[in-house]
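The residues making up each chain are set out below.
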Amino acid sequence: VINTGTVTVNGSIGTNIGTLWLNKFTGDVSFNGSVQISLLRMDANAVYNLAFMGSTNSIADFSTTTPFNTTGNLTLGSSASSTFTIGGKAFNLLTPSDGGPTSVTLAGTFTTTLATAGAGSITLGGSGVTLLMAADVSLNSTASNGNITINSALNDLVSGANKALTLNAGTGSISMTGALSNMGNLTFTGNKIAWSAAIGGVEALTLQTTTNSRVINLLGASDAGASTLDITKAQFDLLGTNFTLIT
């Protein structure tokens with residue numbers, strides 16, 4: 001895929017594809033069918049909009065240190081049933097100042113496949129990044145128990161009805177510094193779960209550890225340390241009042 005302009009691929013890309021090279025700097029690139037790619041190659045200083053809209057998607061590795069390096073808009077998935085397996089690198093997106101996407105729209109289930117402890121972490125958002133959900137979203141880093149970090153706000157009413165967000169870090173940690181607003185069901189699984197901005201929703205909020213024997217401390221003045229799950233009074237006060245259930 002070369003140079004500028006609009007490129008649209010309507011069919012699926014099968015498992016016999018080795019390297020897919022987006023040798024391009026501006027414009028739009030859309031893959032409307034499922035993709036199975038051994039290596040996704042993207043050039044430095046790209047500013048194009050990139051969309052993968054197929055139902056079943058797998059990218060085994062990336063040529064860059066971090067995936068999806070373009071300062072354009074990144075769209076991954078078209079419905080709650082879309083699936084993505086991300087290998088080779090952590091699913092840690094750069095911010096625009098470092099070459100990452102200006103906006104990220106997600107739909108479906110995203111699973112990192114690296115198995116080395118912590119290697120399959122997931123980091124989304126940050127300075128200058130708009131995060132959107134086009135449908136229910138699930139982020140899963142349990143293969144490596146990698147940490148999951150959300151650094152931008154998510155307002156579910158921006159893109160439609162209240163949608164579900166599921167974060168599963170295994171025995172890793174979940175950290176959220178951006179506010180979550182107008183959400184549907186929220187399910188967060190990790191041995192440490194922390195947030196520093198408001199979390200609001202209209203359905204159930206579930207906070208749970210992967211290690212069943214882990215001590216959970218509620219409404220303390222501070223975090224007791226790395227070996228416990230702590231929901232401090234300050235964090236509790238950031239939870240919205242419209243949840244139907246909090247467990």
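Rules used in this analysis
Residues numbered from 1 in each chain as written. Predicted model: local features only at pLDDT ≥ 70, side-chain atom pairs only at ≥ 80, totals over all residues. Heavy atoms only, no water. Helix = DSSP H or I, 4+ residues; strand = E, 2+ residues; numbered from the N terminus. Rg over C-alpha atoms; globule rule 2.2 N^0.38 Å. Buried < 20%, exposed > 50% of the residue type's maximum accessible area, 1.4 Å probe, protein only. Contact = heavy atoms within 4.5 Å. Pairing = 2+ DSSP bridges. Core = buried A, V, L, I, M, F, W, Y, C linked by side-chain atoms within 4.5 Å.

Asker: Which residues make up the overall build of the chain, and what are the values?
Answerer: Summing up its helical and strand segments, the chain has one helix and 26 strands in all. The globule rule puts the C-alpha radius of gyration for 247 residues at 18 Å, and the 18 Å found for the chain is close to it. With the C-alpha coordinates aligned to their principal axes, the bounding extent of the chain is approximately 55 × 35 × 30 Å. In the chain, which comprises 247 residues, the share counted as buried stands at 46%.

Asker: Hey, could you go over the environment of alanine 46 for me, with residue numbers and the actual values?
Answerer: Locating alanine 46 in the fold gives a position in the loop between β6 (39–42) and β7 (49–52). The class of alanine 46 is buried, set by a relative accessible area of 3%. Sequence-wise, alanine 46 and lysine 24 are 22 residues apart; in three dimensions their C-alpha atoms are separated by 6.9 Å. Once you skip the residues sitting within four places of it in the chain, alanine 46 turns out to touch Lys24, Phe25, Asn69, Thr70 and Thr71.

Asker: Can you explain the sheet that holds strand β19 (residues 180–183)? Please cite residues and give values.
Answerer: Picture the strands of a sheet paired through backbone hydrogen bonds; they go either parallel or antiparallel. Reading across the sheet, the three strands line up as β16-β19-β22 and stay open at both edges, with parallel pairing between neighbours. Strand pairing shows two members of the sheet lacking a second neighbour, β16 (154–155) and β22 (199–201), which therefore form its edges. Here β19 pairs with β22 via two bridges, running parallel. If you follow leucine 180 over to β22, its bridge partner there is isoleucine 199.

Asker: Provide a residue-level description of the nonpolar core, including the pertinent values.
Answerer: Nonpolar side chains in soluble globular proteins tend to end up buried together. Within the largest apolar cluster, 53 residues are counted, with the highest numbers of intra-cluster contacts made by Leu50, Phe52, Phe68, Leu139, Leu165, Met176 and Phe188. The element contributing the most residues to this core is strand β14 (residues 130–140), with four residues. Residues contacting methionine 176, with those up to four places away along its chain left out, are Ile150, Leu167, Phe188, Ile193, Ala194, Trp195, Ser196, Ala197 and Ile199.

Asker: Report on the pairing of strand β20 (residues 186–189), specifying residues and quantitative values.
Answerer: Bridging between strand β17 (residues 165–168) and β20 involves four bridges; their strand directions are parallel. Considered in β20, the bridge of threonine 166 is made with threonine 187.

Asker: Please set out the pairing of strand β18 (residues 173–176) residue by residue, giving values where relevant.
Answerer: Where burial is concerned, the two faces of β18 differ: the one with Ile174 and Met176 is buried and the one with Ser173 and Ser175 is not. Bridge analysis of strand β15 (residues 148–150) against β18 gives three bridges, and the strand direction is parallel. Across the sheet, the residue bridging to isoleucine 148 is isoleucine 174, located in β18. Note that β18 and strand β21 (residues 192–195) share four bridges and pair parallel. Directly across from serine 175, in β21, lies its bridge partner alanine 194.

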